[in-house]
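# What the coordinates show
If you want the building blocks of each chain, they are given just below.
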Amino acid sequence: MSPRWNPNPDVRTGRHVVYNLHVHLVFVTKYRRKAFTNEMMTRCEEIMREVCADFEADLKEFNGEEDHVHLLVHYPPKVQLSKLVNSLKGVSARLLRKEYDAHVRRYLWGGHFWSGSYFAGSCGGAPLTLVKQYIENQKPPVG
């Protein structure tokens with residue numbers, strides 16, 4: 001390798017792929033109930049880091065408030081995002097309800113923890129206008 005080559009740690013490689021995929025996820029508690037305590041938030045981050053590791057993904061950032069959490073996840077292309085989300089929400093809901101049962105029952109009932117919906121936004125890389133311009137400026141073969 002050239003000593004001038006400075007690899008970007010976010011650009012990862014597999015056997016047949018080079019990738020840099022990040023997603024911003026937001027999960028909201030059912031009915032937007034303010035169920036989180038600081039201790040629960042810390043435990044939720046631990047759980048979500050473990051789930052990401054199981055998917056060979058990396059939880060880059062985690063934070064939230066009393067009624068929602070934000071995650072920045074770096075994941076490989078073989079991961080189906082909807083399956084990652086289902087595992088993140090399912091495992092965290094099950095463990096948080098189990099470990100903080102008395103507290104959670106005051107805010108949430110019926111076996112629910114998270115709202116059924118979520119936000120997922122791709123992030124990182126060049127802005128779409130720049131990518132579009134780059135593609136438009138490609139020179140097709142002549143002849």
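The rules behind these values
Residues numbered from 1 in each chain as written. Predicted model: local features only at pLDDT ≥ 70, side-chain atom pairs only at ≥ 80, totals over all residues. Heavy atoms only, no water. UniProt positions renumbered as here; feature names shortened; annotations may be inferred. Helix = DSSP H or I, 4+ residues; strand = E, 2+ residues; numbered from the N terminus. Core = buried A, V, L, I, M, F, W, Y, C linked by side-chain atoms within 4.5 Å. Buried < 20%, exposed > 50% of the residue type's maximum accessible area, 1.4 Å probe, protein only. Contact = heavy atoms within 4.5 Å. Salt bridge = Lys/Arg side-chain N within 4 Å of Asp/Glu carboxyl O.

An unreviewed UniProt entry lists the protein under the name IS200/IS605 family transposase, with Streptomyces javensis given as the organism.

Here the focus is the UniProt feature "domain: Transposase IS200-like" (unreviewed entry) in the protein. In the numbering used here, UniProt assigns the "domain: Transposase IS200-like" (unreviewed entry) feature to residues 18-138. The annotated region residues 18-138 carries 43% helix and 29% strand content, and the separation between its end C-alpha atoms amounts to 21 Å.

Take the nonpolar core next. Note on soluble globular proteins: their nonpolar side chains tend to be buried together. Of all hydrophobic cores here, the largest spans 30 residues; its most connected members are Leu 71 and Val 73. Elements that contribute at least two residues to this core include exactly strand 3 (22-29), helix 1 (38-54), strand 4 (58-65), strand 5 (68-74) and helix 2 (81-99). Setting aside chain neighbours within four positions, we find Leu 71 in contact with Val 23, His 24, Leu 25, Phe 27, Met 48, Leu 59, Glu 61, Phe 62 and Leu 88.

Across all of its chains, the model carries 9 salt bridges by this definition. Across the pair Arg 49 and Glu 45 runs a salt bridge, and its minimum N-O distance is 2.9 Å. Of this pair, Arg 49 and Glu 45 both sit in helix 1, 4 residues apart, which is roughly one turn of that helix. Across the pair Lys 60 and Asp 58 runs a salt bridge, and its minimum N-O distance is 3.6 Å.

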